[in-house]
Amino acid sequence: MDILGVDVGGTGIKAAPVDIATGQLRTERIRLLTPRPATPDAVAGTIAELVTHFQHTGPIGCGFPAVIRWGQVFTAANIDKSWIGTDAQHLFERTTGCPFQILNDADAAGLAEMRVGAGKGRMGTVLVVTLGTGIGTALFVDGNLVPNTELGHIEIKGRDAETWAAESVREQKRLTWKKWTRRLDRYLRAMHAYLWPELIIIGGGASKRHDRFIPNLTVDTEVVPAQLRNEAGIIGAALGGAERGLSSSGATAALQLADAAGSQG
Ligand code: BGC
(Lines give C-alpha, C1' and ligand atoms only; values in the text may rest on other atoms or scores of the structure.)
Protein backbone atom coordinates (compact mmCIF):
# COMPACT_ATOMS: atom_id res chain seq x y z
CA MET A 1 0.00 0.00 0.00
CA ASP A 2 1.23 3.51 -0.78
CA ILE A 3 0.72 6.57 1.37
CA LEU A 4 1.94 9.95 0.18
CA GLY A 5 4.48 11.26 2.71
CA VAL A 6 4.71 15.05 3.02
CA ASP A 7 7.38 16.86 5.05
CA VAL A 8 6.64 20.53 5.75
CA GLY A 9 9.79 22.51 6.54
CA GLY A 10 10.71 26.17 6.94
CA THR A 11 12.30 26.42 3.47
CA GLY A 12 10.91 23.49 1.51
CA ILE A 13 7.91 21.15 1.38
CA LYS A 14 8.88 17.68 0.19
CA ALA A 15 6.73 14.74 -0.83
CA ALA A 16 6.87 11.27 -2.34
CA PRO A 17 4.71 8.15 -2.34
CA VAL A 18 5.99 5.65 0.23
CA ASP A 19 5.59 1.88 0.15
CA ILE A 20 4.39 1.21 3.70
CA ALA A 21 5.46 -2.45 3.64
CA THR A 22 9.13 -1.61 2.99
CA GLY A 23 9.35 2.02 4.13
CA GLN A 24 10.88 2.99 0.79
CA LEU A 25 10.08 5.81 -1.58
CA ARG A 26 8.23 4.61 -4.68
CA THR A 27 9.51 7.46 -6.84
CA GLU A 28 11.93 10.32 -6.47
CA ARG A 29 10.78 12.99 -4.04
CA ILE A 30 9.65 16.44 -5.17
CA ARG A 31 10.53 19.58 -3.25
CA LEU A 32 8.71 22.89 -3.61
CA LEU A 33 9.69 26.08 -1.83
CA THR A 34 7.69 26.86 1.30
CA PRO A 35 5.54 29.91 0.40
CA ARG A 36 6.29 33.21 2.11
CA PRO A 37 4.57 34.14 4.28
CA ALA A 38 3.88 30.49 5.14
CA THR A 39 0.27 31.06 6.16
CA PRO A 40 -2.08 28.07 6.50
CA ASP A 41 -3.85 28.71 3.17
CA ALA A 42 -0.59 29.24 1.28
CA VAL A 43 0.98 26.04 2.66
CA ALA A 44 -2.20 24.09 1.93
CA GLY A 45 -2.00 25.37 -1.67
CA THR A 46 1.59 24.08 -2.03
CA ILE A 47 0.62 20.70 -0.60
CA ALA A 48 -2.26 20.55 -3.11
CA GLU A 49 0.25 21.18 -5.94
CA LEU A 50 2.34 18.24 -4.74
CA VAL A 51 -0.73 16.00 -4.52
CA THR A 52 -1.69 16.96 -8.08
CA HIS A 53 1.86 16.33 -9.29
CA PHE A 54 1.75 12.75 -7.99
CA GLN A 55 -1.88 12.34 -9.14
CA HIS A 56 -2.43 11.00 -5.65
CA THR A 57 -5.98 10.35 -4.52
CA GLY A 58 -5.37 8.20 -1.40
CA PRO A 59 -4.23 8.78 2.17
CA ILE A 60 -1.51 11.28 3.13
CA GLY A 61 0.79 11.38 6.17
CA CYS A 62 2.27 14.78 6.92
CA GLY A 63 5.13 15.90 9.20
CA PHE A 64 4.74 19.46 10.48
CA PRO A 65 7.22 21.51 12.60
CA ALA A 66 4.96 22.10 15.61
CA VAL A 67 3.10 20.37 18.43
CA ILE A 68 0.23 18.51 16.79
CA ARG A 69 -2.69 16.93 18.60
CA TRP A 70 -5.67 15.47 16.78
CA GLY A 71 -4.65 17.32 13.62
CA GLN A 72 -4.53 20.68 15.35
CA VAL A 73 -1.45 22.95 15.57
CA PHE A 74 -0.55 24.15 19.07
CA THR A 75 2.83 25.92 18.72
CA ALA A 76 4.77 27.93 16.14
CA ALA A 77 8.45 28.27 17.06
CA ASN A 78 9.79 28.42 13.49
CA ILE A 79 6.61 28.85 11.46
CA ASP A 80 4.05 31.59 10.89
CA LYS A 81 2.27 32.38 14.15
CA SER A 82 -1.11 32.24 12.40
CA TRP A 83 -0.81 28.42 12.53
CA ILE A 84 -1.55 28.34 16.25
CA GLY A 85 -5.07 27.01 16.74
CA THR A 86 -5.41 25.95 13.08
CA ASP A 87 -7.03 22.59 12.41
CA ALA A 88 -4.40 21.57 9.85
CA GLN A 89 -5.97 18.20 9.22
CA HIS A 90 -9.31 19.64 8.12
CA LEU A 91 -7.65 22.41 6.15
CA PHE A 92 -5.46 19.97 4.17
CA GLU A 93 -8.32 17.50 3.69
CA ARG A 94 -10.59 20.27 2.41
CA THR A 95 -7.93 21.60 0.04
CA THR A 96 -6.83 18.23 -1.41
CA GLY A 97 -9.85 15.95 -0.98
CA CYS A 98 -7.54 13.29 0.56
CA PRO A 99 -7.58 11.88 4.13
CA PHE A 100 -4.66 13.21 6.27
CA GLN A 101 -2.82 12.24 9.42
CA ILE A 102 -0.49 14.95 10.72
CA LEU A 103 2.33 14.54 13.21
CA ASN A 104 5.27 16.54 14.48
CA ASP A 105 8.15 16.58 11.94
CA ALA A 106 10.79 15.27 14.37
CA ASP A 107 8.40 12.53 15.50
CA ALA A 108 7.99 11.59 11.83
CA ALA A 109 11.76 11.51 11.15
CA GLY A 110 12.28 9.56 14.38
CA LEU A 111 9.64 6.99 13.44
CA ALA A 112 11.36 6.37 10.12
CA GLU A 113 14.72 5.84 11.84
CA MET A 114 13.16 3.49 14.40
CA ARG A 115 11.25 1.41 11.87
CA VAL A 116 13.68 1.21 8.94
CA GLY A 117 16.82 3.17 9.88
CA ALA A 118 19.47 3.56 12.58
CA GLY A 119 17.15 2.58 15.46
CA LYS A 120 15.53 -0.46 13.86
CA GLY A 121 14.86 -3.16 16.45
CA ARG A 122 16.25 -1.09 19.35
CA MET A 123 14.43 -1.46 22.66
CA GLY A 124 14.76 0.71 25.77
CA THR A 125 14.87 4.51 25.62
CA VAL A 126 15.99 5.99 22.32
CA LEU A 127 16.13 9.72 21.62
CA VAL A 128 16.19 11.06 18.07
CA VAL A 129 17.45 14.66 17.80
CA THR A 130 17.02 16.54 14.51
CA LEU A 131 19.42 19.42 13.97
CA GLY A 132 18.26 21.89 11.33
CA THR A 133 16.55 25.28 11.53
CA GLY A 134 15.46 24.29 15.03
CA ILE A 135 16.10 21.32 17.29
CA GLY A 136 13.45 18.62 17.10
CA THR A 137 13.22 15.59 19.36
CA ALA A 138 11.45 12.24 19.16
CA LEU A 139 11.44 9.97 22.19
CA PHE A 140 10.88 6.21 21.95
CA VAL A 141 10.40 3.68 24.72
CA ASP A 142 10.64 0.09 23.47
CA GLY A 143 9.88 1.35 19.98
CA ASN A 144 6.78 3.31 21.07
CA LEU A 145 6.72 7.03 20.35
CA VAL A 146 6.04 9.52 23.15
CA PRO A 147 4.76 12.32 20.87
CA ASN A 148 5.45 16.07 20.92
CA THR A 149 8.38 16.03 23.35
CA GLU A 150 9.71 19.44 22.14
CA LEU A 151 12.97 19.00 24.07
CA GLY A 152 14.76 21.35 21.69
CA HIS A 153 13.29 24.13 23.81
CA ILE A 154 14.89 23.29 27.15
CA GLU A 155 16.74 26.19 28.73
CA ILE A 156 20.52 26.25 28.50
CA LYS A 157 22.50 29.25 29.75
CA GLY A 158 19.23 31.15 30.12
CA ARG A 159 18.30 30.59 26.46
CA ASP A 160 16.02 28.39 24.41
CA ALA A 161 18.46 25.58 23.49
CA GLU A 162 17.56 25.61 19.79
CA THR A 163 18.52 29.27 19.45
CA TRP A 164 21.99 28.35 20.74
CA ALA A 165 22.80 24.88 19.39
CA ALA A 166 20.74 24.24 16.22
CA GLU A 167 22.55 23.62 12.93
CA SER A 168 21.17 26.94 11.62
CA VAL A 169 22.95 28.76 14.48
CA ARG A 170 26.27 27.16 13.49
CA GLU A 171 25.75 28.42 9.95
CA GLN A 172 24.41 31.89 10.75
CA LYS A 173 26.97 32.66 13.46
CA ARG A 174 29.71 30.94 11.45
CA LEU A 175 30.71 28.91 14.50
CA THR A 176 33.67 26.58 14.09
CA TRP A 177 32.81 22.88 14.26
CA LYS A 178 34.72 22.75 17.53
CA LYS A 179 32.70 25.53 19.16
CA TRP A 180 29.36 24.24 17.89
CA THR A 181 30.21 20.67 18.94
CA ARG A 182 30.82 21.93 22.48
CA ARG A 183 27.35 23.49 22.49
CA LEU A 184 25.74 20.37 21.07
CA ASP A 185 27.61 18.23 23.58
CA ARG A 186 26.29 20.33 26.43
CA TYR A 187 22.77 19.98 25.07
CA LEU A 188 23.08 16.20 24.66
CA ARG A 189 24.57 15.85 28.15
CA ALA A 190 21.46 17.59 29.50
CA MET A 191 19.29 15.15 27.52
CA HIS A 192 21.29 12.31 29.00
CA ALA A 193 20.86 13.62 32.54
CA TYR A 194 17.07 13.88 32.08
CA LEU A 195 16.32 10.71 30.12
CA TRP A 196 19.27 8.29 30.24
CA PRO A 197 18.70 7.11 26.68
CA GLU A 198 20.53 3.97 25.57
CA LEU A 199 20.90 5.45 22.11
CA ILE A 200 20.83 8.93 20.61
CA ILE A 201 20.26 9.21 16.86
CA ILE A 202 21.30 12.50 15.24
CA GLY A 203 19.17 13.50 12.25
CA GLY A 204 18.35 16.66 10.32
CA GLY A 205 20.58 18.70 8.03
CA ALA A 206 23.64 18.41 10.29
CA SER A 207 23.63 14.61 10.13
CA LYS A 208 25.29 14.49 6.72
CA ARG A 209 28.40 16.09 8.29
CA HIS A 210 28.35 13.70 11.29
CA ASP A 211 32.05 12.91 10.94
CA ARG A 212 32.80 16.53 11.88
CA PHE A 213 31.20 16.32 15.32
CA ILE A 214 29.95 12.91 16.51
CA PRO A 215 33.48 11.58 17.22
CA ASN A 216 34.15 14.62 19.46
CA LEU A 217 31.04 14.34 21.65
CA THR A 218 31.63 13.36 25.27
CA VAL A 219 28.04 12.50 26.20
CA ASP A 220 28.14 9.11 27.89
CA THR A 221 25.87 7.11 25.62
CA GLU A 222 25.91 5.65 22.13
CA VAL A 223 25.42 8.39 19.50
CA VAL A 224 24.92 7.48 15.83
CA PRO A 225 23.95 9.42 12.71
CA ALA A 226 20.53 8.93 11.14
CA GLN A 227 20.55 6.60 8.16
CA LEU A 228 17.70 7.99 6.09
CA ARG A 229 18.88 11.61 6.01
CA ASN A 230 16.75 13.76 3.70
CA GLU A 231 14.09 11.15 3.26
CA ALA A 232 13.37 10.39 6.91
CA GLY A 233 10.71 13.09 7.22
CA ILE A 234 8.75 11.85 4.20
CA ILE A 235 9.04 8.15 5.07
CA GLY A 236 8.16 8.73 8.72
CA ALA A 237 5.17 10.92 7.85
CA ALA A 238 3.76 8.07 5.76
CA LEU A 239 4.62 5.36 8.32
CA GLY A 240 3.19 7.52 11.12
CA GLY A 241 0.02 7.99 9.10
CA ALA A 242 -0.29 4.23 8.64
CA GLU A 243 0.34 3.56 12.34
CA ARG A 244 -2.39 6.06 13.22
CA GLY A 245 -4.95 4.30 11.11
CA LEU A 246 -4.65 5.72 7.59
CA SER A 247 -5.44 2.91 5.24
CA SER A 248 -5.80 2.37 1.56
CA SER A 249 -8.95 3.41 -0.25
CA GLY A 250 -12.18 1.57 0.48
CA ALA A 251 -11.88 -0.28 -2.81
CA THR A 252 -8.41 -1.65 -2.02
CA ALA A 253 -9.47 -2.56 1.52
CA ALA A 254 -12.44 -4.43 0.09
CA LEU A 255 -10.12 -6.31 -2.26
CA GLN A 256 -7.83 -7.25 0.64
CA LEU A 257 -10.81 -8.54 2.61
CA ALA A 258 -11.98 -10.53 -0.39
CA ASP A 259 -8.45 -11.99 -0.79
CA ALA A 260 -8.31 -12.92 2.90
CA ALA A 261 -11.75 -14.54 2.75
CA GLY A 262 -10.67 -16.45 -0.39
CA SER A 263 -7.48 -17.76 1.19
CA GLN A 264 -9.41 -18.94 4.26
CA GLY A 265 -12.07 -20.79 2.41
C1 BGC B 1 9.61 23.01 16.91
C2 BGC B 1 9.39 21.51 16.86
C3 BGC B 1 10.04 20.93 15.62
C4 BGC B 1 11.50 21.35 15.54
C5 BGC B 1 12.17 20.84 14.27
C6 BGC B 1 11.09 23.31 16.78
O7 BGC B 1 11.28 24.69 16.76
O8 BGC B 1 9.13 23.54 18.13
O9 BGC B 1 8.00 21.24 16.84
O10 BGC B 1 9.95 19.53 15.67
O11 BGC B 1 11.61 22.76 15.58
O12 BGC B 1 11.54 21.34 13.14
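Residues numbered from 1 in each chain as written. Predicted model: local features only at pLDDT ≥ 70, side-chain atom pairs only at ≥ 80, totals over all residues. Heavy atoms only, no water.

## Details of the site of the ligand
Then, in step 1: Near the ligand you find Pro65, Ala66, Ala77, Asn78, Asn104, Asp105, Ala106, Ile135, Gly136, Glu150, His153 and Glu162, and these make up its full shell.
Then, in step 2: The separation between an oxygen atom of the ligand and a polar side-chain atom of Asp105 is 2.5 Å.
Then, in step 3: Glu150 places a polar side-chain atom, nitrogen or oxygen, 2.5 Å from an oxygen atom of the ligand.
Then, in step 4: For the ligand, the accessible surface in isolation is 310 Å², of which the surrounding protein chains cover 92%. (Near = heavy atom within 4 Å. Polar contact = N/O pair within 3.5 Å; in protein donor to acceptor, adjacent residues only side chain to side chain. Areas by Shrake-Rupley, 256 points an atom, 1.4 Å probe, with all protein chains shown as cover.)

## Re the environment of Asp80
Then, in step 1: Note that Asp80 resides in the loop between strand E7 (72-73) and helix H2 (88-96).
Then, in step 2: Relative accessible area serves as the criterion here: at 26%, Asp80 is assigned to the partly exposed category.
Then, in step 3: Along the backbone, Asp80 and Ile13 are 67 residues apart, and their C-alpha atoms lie at a distance of 15 Å.
Then, in step 4: Not counting chain neighbours up to four residues away, the residues in contact with Asp80 comprise Pro37, Ala38 and Thr39.
Then, in step 5: Among the polar contacts made by the side chain of Asp80, one reaches the side chain of Ser82 at a distance of 2.5 Å. (Helix = DSSP H or I, 4+ residues; strand = E, 2+ residues; numbered from the N terminus. Buried < 20%, exposed > 50% of the residue type's maximum accessible area, 1.4 Å probe, protein only. Contact = heavy atoms within 4.5 Å.)

## Focus: the domain arrangement of the chain
Then, in step 1: The domain architecture assigned to the chain consists of domain 1 (2-105 + 230-264) and domain 2 (118-227).
Then, in step 2: Each of domain 1 and domain 2 has a C-alpha centre, and these two points are 25 Å apart.
Then, in step 3: Taken together, the eight residues of domain 1 in the interface contact nine residues of domain 2.
Then, in step 4: A combined buried area of about 580 Å² lies between domain 1 and domain 2, and 44% of that area is made up of carbon and sulfur atoms.
Then, in step 5: Ranking the residues of domain 1 by area buried against domain 2 places Val67, Asn78 and Asn104 at the top, with a combined share of 55%.
Then, in step 6: For the interface between domain 1 and domain 2, the tally reads zero salt bridges. (Domains from an automatic or database assignment. Buried area = accessible area lost by both parts, 1.4 Å probe. Salt bridge = Lys/Arg side-chain N within 4 Å of Asp/Glu carboxyl O.)

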